[in-house]
Amino acid sequence: MIQLLSIVSTVCLTVIAVSTLFLLYRAIKGPSNPDRAVALDTIGVNLMAITGILAIKLKTTFFNDVILLIGILAFIGTVALAKFLEKGVIIERSRD
Amino acid sequence: MKNVTNDLILKTATTIIVFLILGFSVYLFFAGHNAPGGGFIGGLMTSGAFVLLYIAYGFQTMNRVVKIDFKTFIPIGLTIAVLSGVGSFLYGQPFLSHTDGYFHLPIIGKAHLATAMIFDLGVYFTVIGVTMTIILSIAKDEGEQVENAE
């Protein structure tokens, strides 16, 4: 059972690493800015997944705070990017 | 490019999420020196919550609500950090000596407190001040005249 967990987590780590590479290509090459925004957001999600799988592999609970932290930072970044794409300004002077 | 939209979902969600982030930042601050956390990342989370509020509500409303000049946080934090080091002279110890102990607190119960937490508090305030100053002065438009805080 332990060996199965180890194999599965290694395979998952590899797949997520490959997907992060493809996302990096999309973030750099992306034809339009929304493509880049979605790619960066998904890189954040993949980072959380990698941290979670590392926590399983290293048998530690200390990484749980890190996962929550990356999630919050990725959320704020996505909100800022979405607002920039829609309005062209992140922090408005006044609410109309 | 500037569309006039009513960010109802963003504003409603922000009012709830900001308190979650602030609570998490306090937790991170107290989790430091034993687990991942500490003054730096706690301050970063607090300024993240403030940035989310600024994104949702804009400069004008936030200046009316938060009447704090974030630049004053930097000297306050640096003073706390220096005092935590100078305080060890009172006990005849070298500069920035460290001590810790277990205390019994009313609600939390048995808690592990260390003098590194006072230094961390200084780092916390300094990080809030620096991060908010950098982000707000970058976000300010060149053409528009915006006062940071009265």
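Rules and cut-offs
- Residue positions within a chain follow its written sequence, with the count starting from 1.
- The naming scheme follows written order: chains are lettered A onward, ligands numbered 1 onward.
- Predicted model: local features are reported for residues with pLDDT of at least 70 only, side-chain atom pairs are reported and counted for 80 or more only, and whole-chain, interface and lining totals are derived from all residues.
- The basis for every side-chain value is the complete set of heavy atoms in the structure, and neither hydrogens nor water enter the calculation.
- UniProt positions are given in the numbering used here, feature names are shortened, and annotations may be inferred rather than shown by experiment.
- Helix and strand assignments follow DSSP, with helices taken as H or I runs no shorter than four residues and strands as E runs no shorter than two, numbered in order from the N terminus.
- Working definition: with a 1.4 Å probe on protein chains only, accessible area under 20% of the residue-type maximum means buried, over 50% means exposed, and in between means partly exposed.
- Contact criterion: two residues are considered in contact whenever any of their non-hydrogen atoms come within 4.5 Å of each other.
- As used in this structure description, the phrase polar contact means that two N or O atoms lie within 3.5 Å; if the pair is within protein, one of them must be able to donate a hydrogen and the other to accept it, and residues adjacent in sequence are counted only when both atoms belong to side chains.
- Multiplying 1.5 Å by the residue count of a helix minus one yields the expected span of that helix.
- Note on definitions: angles span 0 to 180 degrees between N-to-C directions of axes, and those axes are lines fitted to C-alpha atoms, for helices only across the stretch in contact.
- Should an angle lie under 35 degrees it is considered roughly parallel, over 145 roughly antiparallel, and from 65 to 115 roughly perpendicular; all remaining angles are considered oblique.
- As a working definition, buried area equals the accessible area (1.4 Å probe) given up by two parts on being put together, with both sides summed.
- The salt bridge criterion pairs a side-chain nitrogen of Lys or Arg with a carboxyl oxygen of Asp or Glu, the two atoms within 4 Å.
- When residues are sorted by character, Ala, Val, Leu, Ile, Met, Phe, Trp, Tyr, Cys and Pro go into the nonpolar class, Asp, Glu, Lys and Arg into the charged class, and all the rest, Gly among them, into the polar class.

Per an unreviewed UniProt entry, chain A carries the name Na(+)/H(+) antiporter subunit F1 and comes from Exobacillus caeni. Under the UniProt heading Subcellular location (unreviewed entry), the note attached to chain A is "Cell membrane". The record in UniProt for chain A states the following under Sequence similarities (unreviewed entry): "Belongs to the CPA3 antiporters (TC 2.A.63) subunit F family."

## Describing unusual backbone geometry
All names here are of chain A. If you check the backbone angles, K59 has positive phi at about 55° while not being a glycine. Here K59 is to be found in the loop between α2 (33-58) and α3 (63-87). On the basis of relative accessible area, K59 is assigned to the exposed category, the value being 69%.

## Things to note about the UniProt feature "transmembrane region" (unreviewed entry) in chain A
When the UniProt feature table is mapped to this numbering, "transmembrane region" (unreviewed entry) covers residues 6-25, 37-56 and 62-85 of chain A. The distance separating the terminal C-alpha atoms of residues 37-56 of chain A is 29 Å; by composition the span is 100% helix and 0% strand.

## Section: the environment of B:D7
Mapped onto the secondary structure, B:D7 falls in the segment before α1 (8-31). For B:D7, the contacting residues outside a window of four places in its chain are A:K83, A:K87 and A:E92. Here the side chain of B:D7 touches A:K87 through a polar contact of 3.3 Å, side chain to side chain.

## Description of the environment of B:F89
All names here are of chain B. Note that F89 resides in the loop between α3 (73-86) and β1 (100-105). Taking relative accessible area as the criterion, F89 reaches 49% and is therefore assigned partly exposed. Discounting chain neighbours no more than four positions away, the residues touching F89 are P94 and F95.

## Regarding α2(A)
Residue and element names in this part refer to chain A. Taking 1.5 Å of rise per residue, 26 residues should cover 38 Å, and α2 covers 37 Å from first to last C-alpha, within 8% of that figure. Within α2, the full set of buried residues consists of A37, A39, I43, G44, N46, T51, G52, I53 and A55. On the buried face of α2, the contacting elements are α1 (2-29) and α3. The positive-phi residue at the C-terminal boundary of α2 is K59, with phi of around 55°.

## Some thoughts on α1(A)
All names here are of chain A. Relative to the 40 Å expected for 28 residues at 1.5 Å per residue, α1 spans 41 Å between its end C-alpha atoms, a close match to the ideal helical length. Considered for burial, the residues of α1 that qualify are S9, I16, L23 and A27. Where α1 is buried, its residues contact α2.

## Side note on the packing of α1(B) against helix α2 (residues 39-65) of chain B
All names here are of chain B. At a minimum axis distance of 8 Å, the contact between α1 and α2 shows a crossing angle of 170°. Between α1 and α2, the angle is such that the two are roughly antiparallel. Contact residues: α1 offers L10, K11, T14, T15, I17, V18, I21, L22, F24, S25, L28 and F29, while α2 offers G39, I41, G42, M45, T46, A49, L52, L53, I55, A56 and Y57.

## Quick look at the interface of chain B and chain A
At the junction of the two partners, chain B supplies 32 residues and chain A supplies 24 residues. Of all residues in chain B, the largest losses of buried area upon contact with chain A belong to B:F24, B:P36 and B:I55, amounting jointly to 21% of the total for that side. Between the two partners, chain B and chain A, sit 1 salt bridge. Residue B:D7 is joined to A:K87 by a salt bridge in which the shortest nitrogen-to-oxygen separation is 3.3 Å. Counting across the chain B and chain A interface gives 4 residue pairs in polar contact (both at pLDDT 80 or more). Looking at the side of chain B that touches chain A, the elements with two or more residues in it are α1, α2 and α4 (116-139) of chain B. The greatest single-element share of the side of chain B that touches chain A, amounting to 11 residues, is contributed by α2(B). Across the side of chain B that touches chain A, the residue classes break down as 20 nonpolar, 8 polar and 4 charged.

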